Amino acid sequence: MSQYTTPVSAAFEMQRTMINQSQRMAEQSVAFQKSMGKLFLNGLESQKSAQQSGVAFTKAALHSYFDAIEATIPGSRGNVEQVRDIVDEQFETLSEGHSELYEGVEQEFERSLENYDDLSEEYLNALKEQTTLVLENAEDMEAQTVEAVERFESQAEEFQEQAREQLDA
């Protein structure tokens, strides 16, 4: 390689490196987004569990309160049992509603993650194909550029030689 083609080749090599790094960054970005989706789903499960524990704790606290009323107020057992049954029904409805809500959110988010996986896979495949094409075109362009520079260099050397011969003559 001549003194002129080395910088040209170095520039094309730098371009290839940047293209490959861009592809790796895109792949890492997609992997990161997938990980974040899975973390969100895990967090949703933890939130659901914490919410259920909170509801169970509140229900137990109310039952303790009702027990205390029954123990301290004679003859209140029948009324307290009615209120306890109503509260239990309300807590059952609340628990069912929360379960349905979380199941729906989980199912929709899982479906979204599956769709994202499919789309990101298609995106990455297209990116790989495009990167391959760009790199192939860059190699062709590099070869043509190096050939043109070498041809120009050869012509310049011939011109210099002819100029020297004419000056000598």
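As a reminder, the structure under discussion sits directly above these lines.
> An account of the overall build of the protein is requested, with residue identities and associated values reported.
For the protein, the count of helices and strands is two helices and zero strands. In terms of overall size, the protein is more extended than a compact globule, its C-alpha atoms giving a radius of gyration of 37 Å where 169 residues would be expected to give roughly 15 Å. C-alpha atoms of the protein, sized along the principal axes, occupy 135 × 25 × 15 Å. Scored against the burial criterion, the 169 residues of the protein give a buried share of 21%. Look at the contacts in the protein between residues 6 or more apart in sequence, and 84% of them connect residues 24 or more apart. Counting every atom, the protein has about 12,400 Å² of accessible surface; 55% of that belongs to carbon and sulfur. Charge separation in the protein, taken as the distance between the mean sites of 12 positive and 34 negative side-chain charges, equals 6 Å.

> Outline the nonpolar core, supporting the account with residue identities and numerical values.
Counting six residues, the largest nonpolar core is built from V55, F66, I69, V80, V87 and F91. Of all elements in the fold, only α1 (5–72) and α2 (77–168) reach the threshold of two or more residues within this core.

> Requested: an account of a negative patch on the surface, with residues and values cited.
The grouping of E110, E114, D118, E121 and E122 at the surface amounts to a negative patch. Among the secondary structure elements, E121 is positioned in helix α2. Residue E121 is classed as partly exposed on the basis of its relative accessible area, which comes to 40%.

> Tell me about the packing of aromatic side chains, residues and numbers included.
Under the criterion given, the structure shown has two aromatic pairs. Look at F40 and F109: their rings are 4.5 Å apart centre to centre, the planes differ by 50 degrees, and that puts the pair in the tilted class. Of the two residues, F40 is situated in helix α1 and F109 in helix α2; the sequence distance between them amounts to 69 residues. Since its relative accessible area comes to 43%, F40 is described here as partly exposed. Taking relative accessible area as the criterion, F109 reaches 22% and is therefore assigned partly exposed.

> Tell me what's going on with the pattern of salt bridges, and back it up with residues and numbers.
When their charged atoms lie close together, side chains carrying opposite charge are able to pair. Enumeration according to the criterion identifies nine salt bridges in this entry. Residue E70 pairs with R77 through a salt bridge whose shortest N-O separation is 3.7 Å. Residue E70 is classed as buried on the basis of its relative accessible area of 18%. In this structure, the salt-bridge partner of E70 is R84, at a minimum N-O distance of 3.5 Å. Of this pair, E70 sits in helix α1 while R84 sits in helix α2, and the two are 14 residues apart along the sequence. Each member of the pair, E70 as well as R84, carries the same accessibility label: buried.

> Can you explain the environment of S22? Please cite residues and give values.
Position of S22 relative to the elements: it lies in helix α1. Distance from S22 to E147, taken between C-alpha atoms, is 28 Å for residues 125 residues apart in sequence.

> Describe the environment of Q47, listing the residues and the values that go with them.
By the element assignment, Q47 lies in helix α1. Residues Q47 and T6, spaced 41 residues apart in sequence, show a C-alpha to C-alpha distance of 60 Å.

> Residues and numbers for the side chain of T131, please.
Take T131: it is sitting in helix α2. Setting aside chain neighbours within four positions, we find T131 in contact with I19, N20 and Q23.

> Tell me about the side chain of S120, residues and numbers included.
Residue position: S120 is located in helix α2. Separated by 3.1 Å, the side chain of S120 and the backbone oxygen of D117 make a polar contact. Here S120 is in contact with V30 and K34, once residues within four sequence places are set aside.

Calculation rules
Residues numbered from 1 in each chain as written. Predicted model: local features only at pLDDT ≥ 70, side-chain atom pairs only at ≥ 80, totals over all residues. Heavy atoms only, no water. Helix = DSSP H or I, 4+ residues; strand = E, 2+ residues; numbered from the N terminus. Rg over C-alpha atoms; globule rule 2.2 N^0.38 Å. Buried < 20%, exposed > 50% of the residue type's maximum accessible area, 1.4 Å probe, protein only. Contact = heavy atoms within 4.5 Å. Areas by Shrake-Rupley, 256 points an atom, 1.4 Å probe, with all protein chains shown as cover. Lys, Arg positive; Asp, Glu negative; His and termini not counted. Charge placed at Lys NZ, Arg CZ, Asp CG, Glu CD. Core = buried A, V, L, I, M, F, W, Y, C linked by side-chain atoms within 4.5 Å. Patch = residues over 30% accessible without salt bridge, like charges linked within 9 Å, V, L, I, M, F, W, Y side chains within 5 Å. Salt bridge = Lys/Arg side-chain N within 4 Å of Asp/Glu carboxyl O. Phe/Tyr/Trp six-rings, centres within 6.5 Å; stacked < 30°, edge-to-face > 60°. Polar contact = N/O pair within 3.5 Å; in protein donor to acceptor, adjacent residues only side chain to side chain.

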